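# Inside the fold
Take a look at the letters that make up each chain.
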Amino acid sequence: MIYNITMKPLTIAVIGGGAAGLVASALLTSYENCRVLLFERNDRLGKKLSATGNGQGNITHRALSVDAYFAQSALPKSKVARMLSLYDDDSVCAFFQTLGVLTDTDVKGRVYPSGRQASAVTDALRFSLGKNVDVRLQTKVTWLEKQANGFMLTAETQDGVCHFFADYVLLCTGGKAAKNFGTDGSAYALAEGLGHSRTALCPSLVQLKTDVKAIRTLKGIRVADGGVTAYVNGEKKATLQGDIIFTDYGVSGDAIFRISAYIADKIDKGVTLSLDLLPRYTQEELISAMRNKRERFPELGFCELLGGTLNNQVGRAVLKTVKDGDIPAAAKAVKAFPLTVTGTLGFDYAQVTKGGIPLDETDDTLQSTLIQGLYFAGETLDIDGACGGYNLQWAYTSARIVVDALIEKIGK
Ligand SMILES: Cc1cc2nc3c(=O)[nH]c(=O)nc-3n(C[C@H](O)[C@H](O)[C@H](O)COP(=O)(O)OP(=O)(O)OC[C@H]3O[C@@H](n4cnc5c(N)ncnc54)[C@H](O)[C@@H]3O)c2cc1C
């Protein structure tokens, strides 16, 4: 079947009804000069967006900075900083307020919809789509072809293979992380088919596999608000605090997810973690507490000396790694428990993809430098953010940058 829809108004094909595609479509809906064709392979829009922030939707962060973003190719910092300054965290909040969604900021600077429901964010975007947005669900775009006056899209639909024509294309098909939300990485082929390259892909915001010898007995135990420092080939990359959960494959928990953003793509270079299992106490305080305990209870075995200070099993596991009776070494191991990272749990468990279409294959408006009329937004580009709302912020910022450029072209 062929749908010919290149008559005026101009047609913009938005491929991917996730965070970036929904924001772009919501913004374009007030421009009657254009018709938006929003393609989504899933049976509903914003499936991943509705699951963000443990279902609460951490939509941005108050400490917005280009330093919270990474890339596999060189990150063009000034380009990204300029975009973020045009559409920042205040801008996200103001935008959602226009859609009837108020926001709250938690003590860590993370911003959520005040009702703490990510699905409400998706709904607000969905409800805002006007008549000029034609939503095509269960429509997987499989090929993109540049033609003299626009683009031809080939898509798998419930009615079989269909072709669509559009004047402009916004490709915002996400990355390869969490394929249960429709993002299996197959959509990079749409850009590659038009000559774009793609950097190596790697899961981020993900659990880490480690050498498990020393932690085999600790499966399921959580260290609340522990410290974690990551080193690559001996060089310190990041240090932060949060929950650490021991698992049968390595470590999980909020602190691990967050630190993975700094090292997940560097594991082949040699990554080690140093866990601070008791950040509220210094090594000296710990030595003194252990010595006092040994004097007070001389009958206690060395392996029991950390009971009451750490979870018993964690304490025993730590003490097993040092020489019997060596209290200073034990205190040091509590403050800097070493783990060698051997991998990640992979794309299926990751929240974000590192890598994608290099930003230097786009101009300042995120238009392809190879194909006029083709734009990119969101995670499909080679840029990924730290944990805490930075990825949804990028989806929003990049979508707005593209919409500004499109409106400039099609006229108000
Ligand atoms: C469980 C989870 C929790 C997260 N929590 C947060 C959080 O709290 N804060 C934060 O900032 N980030 C969070 N993220 C990351 C964030 O959701 C993503 O970075 C963001 O959604 C990317 O937006 P996007 O529009 O680029 O891609 P997506 O939101 O992934 O949307 C891409 C869409 O394109 C569709 N698609 C793909 N290929 C095709 C095709 N060929 N044809 C048609 N449609 C196609 C997909 O089905 C998908 O709906 C989380 C991610 C996960 C998985």
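Refer to the structure presented above.
So, here is what we can say about the structure in this document. The structure presented is a predicted model; accordingly, all values stated were derived computationally and were not measured.

What counts as what
- Residues numbered from 1 in each chain as written.
- Predicted model: local features only at pLDDT ≥ 70, side-chain atom pairs only at ≥ 80, totals over all residues.
- Heavy atoms only, no water.
- Salt bridge = Lys/Arg side-chain N within 4 Å of Asp/Glu carboxyl O.
- Helix = DSSP H or I, 4+ residues; strand = E, 2+ residues; numbered from the N terminus.
- Buried < 20%, exposed > 50% of the residue type's maximum accessible area, 1.4 Å probe, protein only.
- Near = heavy atom within 4 Å.
- Polar contact = N/O pair within 3.5 Å; in protein donor to acceptor, adjacent residues only side chain to side chain.
- Areas by Shrake-Rupley, 256 points an atom, 1.4 Å probe, with all protein chains shown as cover.
- Nonpolar A, V, L, I, M, F, W, Y, C, P; charged D, E, K, R; others polar.
- Pairing = 2+ DSSP bridges.
- Axes fitted to C-alpha atoms, helices over the stretch in contact; angles between N-to-C directions.
- Contact = heavy atoms within 4.5 Å.
- Phe/Tyr/Trp six-rings, centres within 6.5 Å; stacked < 30°, edge-to-face > 60°.
- Lys NZ or Arg CZ within 6 Å of the ring centre and 35° of its normal.

### Things to note about the pattern of salt bridges
All chains considered together, the criterion is met by 17 salt bridges. Residue R222 pairs with D243 through a salt bridge whose shortest N-O separation is 2.6 Å. One end of the pair, R222, is in strand β15 (residues 222-232); the other, D243, is in strand β16 (residues 235-246), with 21 residues separating them in the sequence. Look at D243 and you get partly exposed, because its relative accessible area is 22%.

### Points about the site of the ligand
Every one of the 35 residues lining the ligand counts as a neighbour, but A20, E40, G53, E379 and L392 are closest to it. Take R41: an N or O atom from its main chain is 3.2 Å from a nitrogen atom of the ligand. About the coverage of the ligand: the protein hides 95% of its 1000 Å² of free accessible area. If you list the elements that add at least two residues to the shell around the ligand, you get α1 (19-28), β9 (140-147) and α10 (390-410). In terms of residue count, α10 provides more of the shell around the ligand than any other element does, four residues in total. A breakdown of the residues in the shell around the ligand according to their chemical character gives 14 nonpolar, 16 polar and five charged.

### Some remarks on the sheet that holds strand β21 (residues 374-376)
Read from one edge to the other, the open sheet built from five strands follows the order β8-β3-β2-β12-β21, with strand pairing classed as parallel. The outermost strands of the open sheet, each flanked by one partner alone, are β8 (133-136) and β21. Taken pair by pair, the neighbouring strands of this sheet meet at an average axis angle of 20°, ignoring direction. Note that strand β12 (residues 168-171) and β21 share three bridges and pair parallel. Looking at the pairing, V169 lines up with L374 of β21. In the packing of α1 onto the sheet, contacts are made with β2 (10-15), β3 (34-39), β8 and β12, and the angle to β3 comes to roughly 160°. Its contacts with the sheet put α10 on β2, β3, β12 and β21, and the angle it makes with β21 is roughly 155°.

### Considering helix α6 (residues 254-263)
Burial analysis of α6 places seven of its ten residues in the buried class, which makes it a mostly covered element. Within α6, burial applies to A255, I256, F257, I259, S260, A261 and I263.

### Focus on the packing of aromatic side chains
Across all of its chains, the model carries five aromatic pairs by this definition. Between the aromatic rings of Y69 and Y390, the centroid separation amounts to 6.0 Å while the plane-to-plane angle is 90°, which identifies the pairing as edge-to-face. Here Y390 lies in helix α10 and Y69 lies in strand β5 (residues 69-70), a separation of 321 residues in the sequence. Neither Y69 nor Y390 differs from the other in exposure class; each is buried. Between F70 and Y262 the ring centres are 5.1 Å apart and the planes differ by 80°, which places this aromatic pair in the edge-to-face class. Of this pair, F70 sits in strand β5 while Y262 sits in helix α6, and the two are 192 residues apart along the sequence. Through a chain of ring-to-ring contacts, the aromatic side chains of F95, F96 and Y396 assemble into a single cluster. Positioned above the aromatic ring of Y112 is the side chain of R116, whose terminal nitrogen or guanidinium carbon lies 4.1 Å from the ring centre. One Lys or Arg, K146, reaches over the ring of F151 and ends 4.8 Å from the middle of that ring.

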